[in-house]
Each structure stands twice: as structure tokens, then as C-alpha cells.
Amino acid sequence: MNRYFLYLVILNMLTNVIIFVPNFLIQYRYDGAIMSILIATISGMILMYLDSIVFARFPGKGLPEIIENRMRVPFKIILFVGFSLFWFTAGLITLLGYIDILHRFINPDLPKVWLMVIFLAAICFVIQLSTQKVVYLLEIILLLNGPLVIFIFFKAITSDYLNWDSIFEIGTHFFTPPKLTPIVVASYVFSGYTNIIIFNRLFKEKIKSINFALILGLSILNLFTSFLVPIGFHGADGAHEYMYPWIMTSDSIRLVYSPIERALFIFLMLYISITLLSVSVHWHVAFELIKGSYIKKQSKKKNWLVFACFIGFSILAVLRIDLLKPEMVIKFWLIARYFFEIIIVFCFFFFLRRRKA
Amino acid sequence: MSSNKVQSIHDSIKSKIQKSEDIVLKELKTKEKNLDTFYFKTLTDETQLQNFLIKPFFEIITPDRFLSYLQSHPKIKPFESEQQTLDELIGGAVILFYMDTIFILDSRIDRNNSVLDTTVETTIQGPQSGFSESLGTNLGLIRHRYPEPSLQVDSTKIGSISRTQVMIVYDKNKVDPVVLDNVKKFLSSIDIEIFQSGEQLLDFTKKSRRTLYPTIMVTERPDRVAVNLTTGKVILLIAGSPFAVLMPTVMKDLMASMADIYQTYWIGKFLLTLRYIGLFTSTMLPAVYVALTSYNPEVFRVQLALSVAGSRHAVPYPSFIEVLLMLIMMELLMEASIRLPKAIGPTATTVGGLILGQAATDAGLVSNIMIIIVSLGAISNFVIPISIFSFAVRISKYLLLLLSIFYGLVGVIIGFFLLIAYMVSLDSFGKPFFTFIENKSTN
């Protein structure tokens, strides 16, 4: 069941386009983005490895089961609610970002709240399933969408309009010293591993190193694709003019013989299910963590209350999104997330490593 | 047993049986011995009675020798309890009172034991015969196709009134013990009055008793049963039904036809792919039509979008009304052609399909493309080999249609996602429903 770890990380890699990762990288294209990507890769891999060896000591157990008898109840509640807030916002930001995209490009007439409602309905159905079922769904959706991802990647790389000179120009800025923001932003690609705190329930043995090798290769490919392909299409100077560089890029790809001429629609349709899944995975973790705080006294009412909170917050957020300046919020969130990740991974490392399962 | 007790049982059974036309209470007598028999002549095979009982009774003269004949005959069981005797009597056995002993002769008549041709799951090649309506014959058919000593048969009864005999058949070495346990628990939890066919079990697979996708399969083909036994499935045979029930059933089984095995590898794979394409189109097409004509015509290239719009120019209402109209018409047509007598069936298809479809386009009520989409959807639906599943798919397209009416293309994709998520959430006796990996037996 090790392959599910790979899927969790791949899912985050695919969502980076929605959460403005390419924007921030393109913004720093002359200011050390490439070096930052490499550093982010190293730091991401180290954090991932540390986290996986900690959880490998507790085969088949998620964080709630590990901590169950090790902590006093008030601490546990604070810990779990705090953690699940983080996962909840991770999902919420992705969801808001994608609803904004859909509103702009596919259904401009439909109010965002309506879109939110249907997304929430689908997501709520998924997050209440068992962890096992969530990864089954993850696997099937990735299998169905994988060919489309490869197709669009292939079409983009082989397109006549991809200007390699612009990409090489960015290459000349290779040795520019890295900056914090692009490092933090690029490291988002790796953070799928943090979901292990719940999904470790399915990992009965140590994660095989082939997974890490695959993740390393895919993440470098993924980061450079999402950063450099828009630059190749829109020029080294022009690329940062767009709010959604990847969507404009996919709209620049023409499928000459297909009944659907603009690759944009294939791209957007593909991302509907990827987003649904990504949000579902994050919120599933959030939901299971909150459930962990009342692990001994489960009741349907409490679960419904949690759902109501999720739904209420999301609808409030979608109503008020314009006031929030999404780009700034996401930037701060990405930075906060990076430090949060470092802290929890090291905490786990020092507190849990020496404990017995 | 004392003669008083036998006499009291005799009287008590006699009083409990309602006086009816078909009950026979007959006393056989010779000089040395006498024998009382109770039976229903409608349930009992009287030639067996003649051969096994009446002839020997008059041929064997001494009472002791006849007693030992009764004791050693394989079809004759000794008395256990009064209730059991009564049940056997109602089931068609003959009750014998002889020399202060009670015997039960199993001579129930086996009607409907002729093997039927397959009519629901037809294949071009391969065996053409299905099950019969007789339990014993069906079990024989299975044993004939699956001659393994590890084949185990358990028996149970379902239905508080019908008390239908059900046989649980499985290969002891291949069955997953967890699945077998789940199946037995499931069978004992069923609360039903009249149980006549395996399809009735479908609704009991969920707690809410409302099921859309079947997690149990019903088949009329003994060859399918034999193949499924090798994959460790549990088979139920139901008295009086020419259909066997297979558990657990996952989606892969519902999409498989026996023809896949009787074809060469590539042809089989091609047909399987075709079926999945059919599944996909029959669920998606109407919804995609609404989404692409009313919400997002820009998805198509200009020429195509224009020709779709051109085909719709005479239609005076929005696309979703057009689709609903045609779909309902199609459903009515399908339902009618099942119910109609075979002689009128073709007329219904001609009237419905040709005349109505043609006239509807000419009258400008629906577009030409709509006709193509509805018929393509219906035809793709027929490709699904198991009829229960094809009904479920027929219904699930309305969910997608509903979402596409309100949300356009986004709704279609979310609906599709939801359908997949729903299928993933289903379990069939401990096996995940939506899986493509071969179930390997645990042993």
C-alpha cells in the first residue's frame, strides 16, 4: 500500500497551479527562482524523509491513535483543533482559488456561492468516507486523469509557440542567490507528505525508497514545468502579466484535429476533479483530526457539527473573498505553512522517535 | 417409542393439517402388518410412492423384514420431532406410521427440472443452457461443471412464510473466510415474508434498504457460476428460481460477459473496452449535450458548435426540456417493449423509434442531434451485460443531467466524480466494489 504515499505527494504537485505557485516563481524569475527551486527540493525531500521515518515507527496508526494515551485531554483538543485548522485552510485556499478560476473561465454567469455549494456537497460526501476509501478514490481519479496530464504536458512541450530562447534566458540567472519567498512557495509541491499524519493508518510497512526517487524526479520536472512553460509561451518579460499563467498557457495550446479545439477546456475539466480530490484529502485529514479529539465519544451529531462548521466557513469565505486579496493571503499562508511544517516535523522527530509504537 | 405416544402424534398431526382436497390419509393392510401414510398428492411423486413403499409392502411378508427395509432405505428418514415431521409433510414428504415407529419418505415431486435456454445473458459461442427451476437439478449442473471434492454445500431457509430452501455453495479451499462469514451473517439478517428470487436480496445489502448499484449478481448461466467458484465466490441457489446469486460482486463482474472467455484474448479485451465506452457514453451523453448546447458552446470548435446550434434552430425550448422529453419517451418505449407480448413487440419499436423519432424532428420539437444522442445512449446502455447494472446506469444518467442543468460542464464533471466516489464507497461483503484488480483467493 506504499504507492498511496506517492499519490498523496503527486496530488499536491498537481494542485500547485491553482494555488499561485507559478505566479510567485515567475515573479522571482530574475531573482533566484531557479536556485530557490533546487533548495526547496532539498529541504522538501529532507522533511519528507524525516516525517516518513517517524511515522514508520507506528505502522498502521494515524496521529490520533498514536497520541491517544500520551496526552492530557485539553492539550489534545488544542493540538488537534489547531492542526485541523491548518489542513482546513489548506483545502479552503485551493477551493477558493479554483472556484475563482471556474467563475472566470467557464461559468461567469453563475454566482460563486452556487459553485461553492456543489463543490461542498461533493467534498462532504468524500471526507466522511473511511481513509481507505479516500485513497481508493484518489488512485482511481489519478489514473483517469493521468493520461490527460501527460497529454497536456506533451502538447505544451512540443508546441511550436513554445519559445525555448525565453527559457534559456531564465537559465542565465541560475547563479542568482535564492530568496525566501520562492523557496517557501516551491516547497509547497512536496507538502503532500504531511497528510501522512492520518494516512499512515494505511502504511503497514516502511515506505520504499523507490517512492522517494520517483518523487524527487517528478517534483523537479513538475516545478520546472510549471515555472518555465508559461515563460516559454508568454516570454520572459510577458509571463508575469497574467494572474493565472498556466491557464493562459493551456489556452495557447491548440488541438488541431480534436473537436475540442482549445486545450484550456481539457485542462479545466481535468482540474475540477483534481481540486475536488485535493480539497477532500486535506479536509479528510482535518475532519479525522477533529474526530481524534473526541475519539472515545464518537457521535453523529458531533460529526455533523464539524461539517456545518466547514460548510459555514467556506461559504462565508467565498462571499467575502474579494475583500481578502487572495494573492496576498495565499502568500502569507504559504510562508506560514512552510514554518509550520518544519516545526511539526522536528517536533514529531524529537518527541515520537524514541517512543515505542 | 410407546404406541400411545405414536398414536398421539398421529392424531395431533392429523388435527393440525387443514382438511383439504389434496391430503391423503391411507392405511395399507395385510394379514400380518398395517401401515398408515399421510401425504399431499399434489406435492408427492406417486410413482415413487408406488415403487418404494406399496410394492415392497405387499412383497415383503414378515413385519420385521419390512421394518428393516424401511430402516435401510436411503430415501427414508427416521422421526425427529413433531414440528419437523409437519414441515416435511408440507414440503411434500410422506409420513409413515409403522409398528410404533414413524418414518419420513422423501418422495417430493420435482417439477420444473428441465434445463432452460439462456435468455437474459446470451452469448454467441459457449454453452447455451441455463439453470432449471429445480434446486436439485441446479446443484447437479454445478457439480457437473465443477467436479471438485472441496465444493461444499450448506443449506438454509429464507422467508418467514415461504421458507424457501436456499443452498450456499462454495469451494472450501478458495473462499475467503471473511466473505463467507459476511454472507452467512447477511443471510441470517434477512427479514422477509415471501422469498422467491435472488434479486430480492439486493435491497438488503444496504442498511437503508435502498440500493442503486447492485452488490450482488444474479445469473442464469451455470458456466458463469463455475468460473466464479474458482475465484472464491459464494453462490446461492434458490429453490424455484432459475437464477443463481453470486456474492461478492464487484463492478468488474457486472461488466464481464461469459463471451469474454469464449473469445480470443484480443477480441475479449476489445469487447470489454467497448462495454466500458458504452457505460461512459450512456451515463454522460445527455448531460454533456445540455452542458455544451446551453452553457458552454465555446468548448467545441466553431464549426461543430455552429452545426449543433443549427440543428437546434427550430426547437422552441431550452435544451434540457428537449433532453428530458426524449429521455422519458425512450424510457417509455423500453418499458413498453419489455411488457408487450412478443407478437406486438416489434410494432412498438417501429412506431416509437422510427415514426415518433422522425416525426418529432420534422415537427421541430427536437433536434436531429438529440435523436442521435438519445438512441446512442440507449444502445450503449444495452451493451452492459448484466441487466440489473444496466438499469442502475440508466438511472444514474439523470443525476448527471440534473447537475448539468444547473451547473453546465462543471456539473457534469462533478456528477461523474460523485458517481465514482459513490461506487468507491460501496462494499460487497468486505470487497471494495470499484476495483479492477483480480480478487486473489487468500489461501
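Keep in mind it's a predicted model, so treat the numbers as computed, not measured.

1. With respect to the pattern of salt bridges
Then comes step 1: By the definition in use, this model includes 25 salt bridges over all chains.
Then comes step 2: Residue Lys-252 of chain B is joined to Asp-253 of chain B by a salt bridge in which the shortest nitrogen-to-oxygen separation is 3.9 Å.
Then comes step 3: A salt bridge links Arg-312 of chain B to Glu-322 of chain B; its shortest N-O distance comes to 2.4 Å. One end of the pair, Arg-312 of chain B, is in the loop between helix 10 (302–311) and helix 11 (319–339); the other, Glu-322 of chain B, is in helix 11, and ten residues separate them in sequence.
Then comes step 4: Judged by its relative accessible area of 16%, Arg-312 of chain B falls in the buried class.
Then comes step 5: Among the ionic contacts, a cluster of salt bridges with common partners joins Glu-65, Arg-201, Glu-288 and Lys-291 of chain A.

2. Some words on the sheet that holds strand 10 (residues 244–247) of chain B
Residues and elements named next belong to chain B.
Then comes step 1: With respect to topology, five strands assemble into an open sheet ordered 6-7-9-10-8, the strand pairing being antiparallel. The sheet is open, and its two borders are formed by strand 6 (151–158) and strand 8 (217–219), each paired with just one other strand. Between one strand axis and the next, the sheet turns by 25° as a mean value, whatever way the strands run.
Then comes step 2: Alignment of strand 6 against strand 7 (residues 164–171), held across eight bridges, turns out to be antiparallel. Across the sheet, Leu-151 pairs through a bridge with Asp-171, a residue of strand 7.
Then comes step 3: Against the sheet, helix 7 (residues 222–230) engages strand 6, strand 7, strand 8, strand 9 (234–238) and strand 10, with an angle of about 25° to strand 10.

3. Here we look at helix 7 of chain B
Residues spaced three or four apart along an α-helix face the same direction, because each turn holds 3.6 residues.
Then comes step 1: Counting buried positions over the nine residues of helix 7 of chain B gives seven, a clear majority of the element.
Then comes step 2: Phi for Gly-232 of chain B, located one or two positions after helix 7 of chain B, is positive at around 85°.

4. A look at the pairing of strand 7 of chain B
Residue and element names in this part refer to chain B.
Then comes step 1: Counting buried residues along strand 7, seven of its eight residues qualify, which places the element largely inside the surrounding structure.
Then comes step 2: Here strand 6 hands over to strand 7 after five residues, with Gly-159 in that stretch at a positive phi of 100°.
Then comes step 3: Pairing between strand 7 and strand 9: four bridges, direction antiparallel. Bridging across to strand 9, Met-167 finds its partner in Leu-237.

5. Regarding the sheet that holds strand 3 (residues 76–78) of chain B
Residue and element names in this part refer to chain B.
Then comes step 1: Reading across from one edge, 1-2-4-5-3 is the order of the five strands in this open sheet, with antiparallel pairing throughout. This sheet does not close on itself; its edge strands, each paired only once, are strand 1 (23–29) and strand 3. Shown here is a sheet whose adjacent strand axes are inclined to one another by a mean of 25°, direction ignored.
Then comes step 2: Sheet topology places strand 1 next to strand 2 (residues 34–40); seven bridges connect them, and they run antiparallel. In the strand pairing of strand 2, Val-24 is matched with Tyr-39.
Then comes step 3: Each of strand 1, strand 2, strand 4 (94–98) and strand 5 (101–105) is contacted by helix 2 (residues 46–59), which is oriented at about 175° to strand 2, the strand it contacts most.

6. A closer look at helix 14 (residues 387–407) of chain B
Then comes step 1: In a regular helix each residue adds 1.5 Å, so 21 residues correspond to 30 Å; helix 14 of chain B covers 31 Å between its end C-alpha atoms and thus fits that length.
Then comes step 2: A positive phi of about 65° marks Gly-408 of chain B, the residue just after helix 14 of chain B.

7. Some details on the side chain of Arg-394 of chain B
All names here are of chain B.
Then comes step 1: Note on placement: Arg-394 falls in helix 14.
Then comes step 2: Using a relative accessible area of 10% as the deciding quantity, one classes Arg-394 as buried.
Then comes step 3: If sequence neighbours within four positions are ignored, Arg-394 has contacts with Glu-331, Met-334, Glu-335 and Asn-381.

8. Section: the packing of helix 14 of chain B against helix 15 (residues 409–425) of chain B
Helix-helix packing is characterised by the crossing angle of the two axes and by the distance between the axes.
Residues and elements named next belong to chain B.
Then comes step 1: At a minimum axis distance of 7 Å, the contact between helix 14 and helix 15 shows a crossing angle of 150°. Seen from above, helix 14 lies across helix 15 with right-handed handedness. The segment helix 14 lies against helix 15, with Ser-396, Leu-399, Leu-400, Leu-403, Ser-404 and Tyr-407 engaging Leu-409, Val-410, Gly-411, Val-412, Gly-415, Phe-416 and Leu-419.
Then comes step 2: A class-by-class count of the residues in the contact of helix 14 with helix 15 yields nine nonpolar, four polar and no charged.

9. A few points about a negative patch on the surface
Residues and elements named next belong to chain A.
Then comes step 1: A contiguous patch of negative charge on the surface is contributed by Asp-165, Glu-169, Asp-237 and Glu-241.
Then comes step 2: Counting through the fold element by element, Glu-241 comes out in the loop between helix 11 (209–234) and helix 12 (245–252).
Then comes step 3: The class for Glu-241 is exposed, based on a relative accessible area of 61%.

10. Regarding the interface of chain A and chain B
Then comes step 1: At the interface, 35 residues of chain A touch 27 residues of chain B.
Then comes step 2: In total, chain A and chain B occlude about 2,700 Å² of area from one another, counting both sides; carbon and sulfur atoms represent 77% of this.
Then comes step 3: Arg-301 of chain B is the partner of Glu-261 of chain A in a salt bridge, and the nearest nitrogen-oxygen pair spans 3.9 Å.
Then comes step 4: Applying the counting rule to chain A against chain B returns nine residue pairs in polar contact (both at pLDDT 80 or more).
Then comes step 5: Contributing elements (two or more residues each) for the side of chain A that touches chain B: helix 5 (73–105), helix 6 (112–127), helix 7 (131–158) and helix 13 (263–293) of chain A.
Then comes step 6: Tallied by class, the residues present in the side of chain A that touches chain B amount to 28 nonpolar, three polar and four charged.

11. Some remarks on the confidence of the model for chain A
Then comes step 1: Taken over all residues, the pLDDT of chain A has a mean of 87, while the share at 70 or more is 97%.
Then comes step 2: Mean pLDDT per element in chain A: helix 15 (residues 321–324) of chain A is the minimum at 69, and helix 6 of chain A is the maximum at 92.

12. Topic: a nonpolar patch on the surface
Residues and elements named next belong to chain A.
Then comes step 1: Together, Phe-153, Ile-210, Leu-214, Leu-218 and Leu-221 make up an exposed nonpolar region whose accessible area comes to about 410 Å².
Then comes step 2: If one sorts the elements of the nonpolar patch by residue count, helix 11 sits on top with four residues.
Then comes step 3: Mapped onto the elements of the fold, Phe-153 is located in helix 7.

13. Comments concerning the state of the cysteines
Then comes step 1: Across all of its chains, the model carries zero disulfides over all chains by this definition.
Then comes step 2: Cys-124 of chain A forms no disulfide, and the closest cysteine sulfur to it belongs to Cys-309 of chain A, at a distance of 11 Å.

Cut-offs applied
- Residues numbered from 1 in each chain as written.
- Chains lettered and ligands numbered in written order.
- Predicted model: local features only at pLDDT ≥ 70, side-chain atom pairs only at ≥ 80, totals over all residues.
- Heavy atoms only, no water.
- Salt bridge = Lys/Arg side-chain N within 4 Å of Asp/Glu carboxyl O.
- Helix = DSSP H or I, 4+ residues; strand = E, 2+ residues; numbered from the N terminus.
- Buried < 20%, exposed > 50% of the residue type's maximum accessible area, 1.4 Å probe, protein only.
- Pairing = 2+ DSSP bridges.
- Axes fitted to C-alpha atoms, helices over the stretch in contact; angles between N-to-C directions.
- Contact = heavy atoms within 4.5 Å.
- Expected span 1.5 Å × (residues − 1).
- Left-handed = near helix turned anticlockwise from the far one by under 90°.
- Nonpolar A, V, L, I, M, F, W, Y, C, P; charged D, E, K, R; others polar.
- Patch = residues over 30% accessible without salt bridge, like charges linked within 9 Å, V, L, I, M, F, W, Y side chains within 5 Å.
- Areas by Shrake-Rupley, 256 points an atom, 1.4 Å probe, with all protein chains shown as cover.
- Lys, Arg positive; Asp, Glu negative; His and termini not counted.
- Charge placed at Lys NZ, Arg CZ, Asp CG, Glu CD.
- Buried area = accessible area lost by both parts, 1.4 Å probe.
- Polar contact = N/O pair within 3.5 Å; in protein donor to acceptor, adjacent residues only side chain to side chain.
- pLDDT = per-residue confidence, 0-100.
- Disulfide = S-S within 2.5 Å.

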